[in-house]
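Chain by chain, the residues:
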Amino acid sequence: MAKFGVYKMKFDDLDDIMKIEEEAFRMPWSRWMFERELEESKRSYFLVAKDGNKAIGYIGFWQVIDEAHIVTIAVSNEYRRKGVGTILLASALIVADTLGANKATLEVRVSNTPAQNMYETFGFEIISIRKGFYSDTNEDAYVMWLYNLSGNIGRIRSLGQEAQLRLLSEEDGVKSNGREQAT
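Every residue gets a number counted from 1 within its own chain, in the order that chain's sequence is written. Reporting in this predicted model follows two pLDDT cut-offs: at least 70 for local features of residues, and 80 or more for side-chain atom pairs to be given and counted; totals over whole chains, interfaces and linings ignore these cut-offs and use all residues. Water and hydrogen atoms play no part in the side-chain values, which are based on all heavy atoms of the structure.

Below, the discussion takes up the pairing of strand β7 (residues 139-147). The rule is simple: take the accessible area with a 1.4 Å probe, protein chains only, and divide by the maximum for that residue type; under 20% is buried, over 50% is exposed, in between is partly exposed. The way it works is that DSSP assigns letters per residue, a run of H or I at least four long becomes a helix, a run of E at least two long becomes a strand, and they are numbered from the N terminus. Among the 9 residues in β7, 7 count as buried, and that is most of the element. Each pair of strands is called paired provided DSSP finds at least two bridges between the two strands. Note: strand β5 (residues 103-109) against β7, 7 bridges, orientation antiparallel. Opposite lysine 103, over in β7, you have tyrosine 147 as the bridge partner. Counting the residues that bridge the hairpin from strand β6 (residues 125-134) to β7 gives 4 residues, and of these asparagine 138 lies at a positive phi of roughly 65°.

Below, the structure written as structure tokens:
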């Protein structure tokens, strides 16, 4: 990994973001939708994970009064299951806490068990179901909430830091022994 970091998303990131979006979703957002969110800085916050200059994942949330609503998260296929999603979610929740959010919410496909497991690790709980939420398949969504964000922020920071250490140490292991490690 050339240089890993999480940054505020910029218009220059959108070429990479659109590739990830099309990889990750059956009904991807349009470039215009991302542009609109980047222009709407009063409530929209979008972060990007980068390997050097290349975007490898992103997350977006809306800050509505004291609530952070996670509206999207995706990681490039090449970087999945390496902790990038965990780092992004931790980063977004830390930003939301700084902005005064005291709870966070999101929707997730009922079939997306890996994502649900990650969210539960952060303390999100399934509160309800939205029937037919995903129009591409008519699949239901779990509505998940994380309450008392500020009371959980220490654990959230730790989860992000641990994932980043694993990501960087895995990369160091690849460099030091010249072969890829199984994940």
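So, next bit.
As a further point, take the environment of glycine 57. Position of glycine 57 relative to the elements: it lies in strand β3 (residues 54-64). Residues glycine 57 and serine 158, spaced 101 residues apart in sequence, show a C-alpha to C-alpha distance of 20 Å. When checking whether two residues touch, look at their non-hydrogen atoms; a contact exists if any pair is within 4.5 Å. In this view, glycine 57 contacts Ile20, Leu47, Val48, Ala49, Ala74, Val75 and Leu88; residues no more than four positions away in its chain are not counted.

Where side chains of opposite charge bring their charged atoms close, a pairing between them can arise. We define a salt bridge as a contact between a side-chain nitrogen of Lys or Arg and a carboxyl oxygen of Asp or Glu at a distance within 4 Å. Applying the stated criterion across every chain yields a total of 11 salt bridges. The closest approach of N and O atoms between lysine 54 and glutamate 78, which form a salt bridge, is 3.3 Å. Here the residue lysine 54 occupies a position in strand β3, and glutamate 78 occupies one in the loop between β4 (67-75) and α3 (84-98), the gap between them amounting to 24 residues. On the basis of relative accessibility, which here comes to 37%, the residue lysine 54 falls in the partly exposed class. Here the salt bridges do not stand alone but share partners, grouping Arg26, Arg109, Asp136 and Glu139 into one network.

Let's shift gears to the sheet that holds strand β2 (residues 44-51). An order of β1-β2-β3-β4-β5-β7-β6 is seen for the 7 strands of this open sheet, with the pairing classed as mixed. If you trace the sheet from one side to the other, it starts and ends with β1 (4-8) and β6, each paired once. When strand polarity is set aside, the average angle formed by the axes of neighbouring strands in this sheet is 25°. Strands β2, β3 and β4 of the sheet are contacted by helix α1 (residues 14-24), whose axis makes an angle of about 85° with β3. As a rule, the C-alpha atoms of each element are fitted with a line to give its axis, helices using only the stretch in contact, and angles between N-to-C directions run from 0 to 180 degrees.

Okay, helix α2 (residues 31-39) next. Along α2, the residues classified as buried are Phe34, Glu37 and Leu38. Projected down its long axis, α2 shows its buried positions confined to an angular sector of 100°, all on one face. Of the residues in α2, the exposed ones pointing more than 90 degrees away from the buried face are Trp32 and Glu39. As used here, the arc is the angular range of directions from the helix axis to the C-beta atoms.

Attention now moves to the packing of aromatic side chains. Within 6.5 Å between ring centres, the rings of Phe, Tyr and Trp (the latter by its six-membered ring) count as paired, and their orientation is classed by plane angle as stacked under 30 degrees, edge-to-face over 60, tilted in between. Under the criterion given, the structure shown has 8 aromatic pairs. Both rings, one in phenylalanine 34 and one in phenylalanine 46, keep their centres 6.2 Å apart while their planes meet at 80°; by these two values the pair is edge-to-face. Of this pair, phenylalanine 34 sits in helix α2 while phenylalanine 46 sits in strand β2; the two residues are 12 residues apart in sequence, bridging distant segments of the chain. Overall, phenylalanine 34 belongs to the buried group, its relative accessible area being 1%. Aromatic side chains phenylalanine 133 and tyrosine 134 sit 5.0 Å apart centroid to centroid with 90° between the ring planes, which places their arrangement in the edge-to-face category. Classification of tyrosine 134 by relative accessible area gives buried; the value is 17%. Three or more aromatic residues link up through ring pairs in this structure, and these residues are Trp29, Phe34, Phe46 and Tyr58. The cationic tip of arginine 43 hangs over the ring face of tryptophan 62; the distance from NZ or CZ to the ring centre is 4.5 Å. Placement of a charge over a ring requires the Lys NZ or Arg CZ to be within 6 Å of the ring centre, with the centre-to-atom vector within 35 degrees of the ring normal. Directly above the ring of tyrosine 134 sits arginine 109, whose terminal nitrogen or CZ lies 4.1 Å from the centroid.

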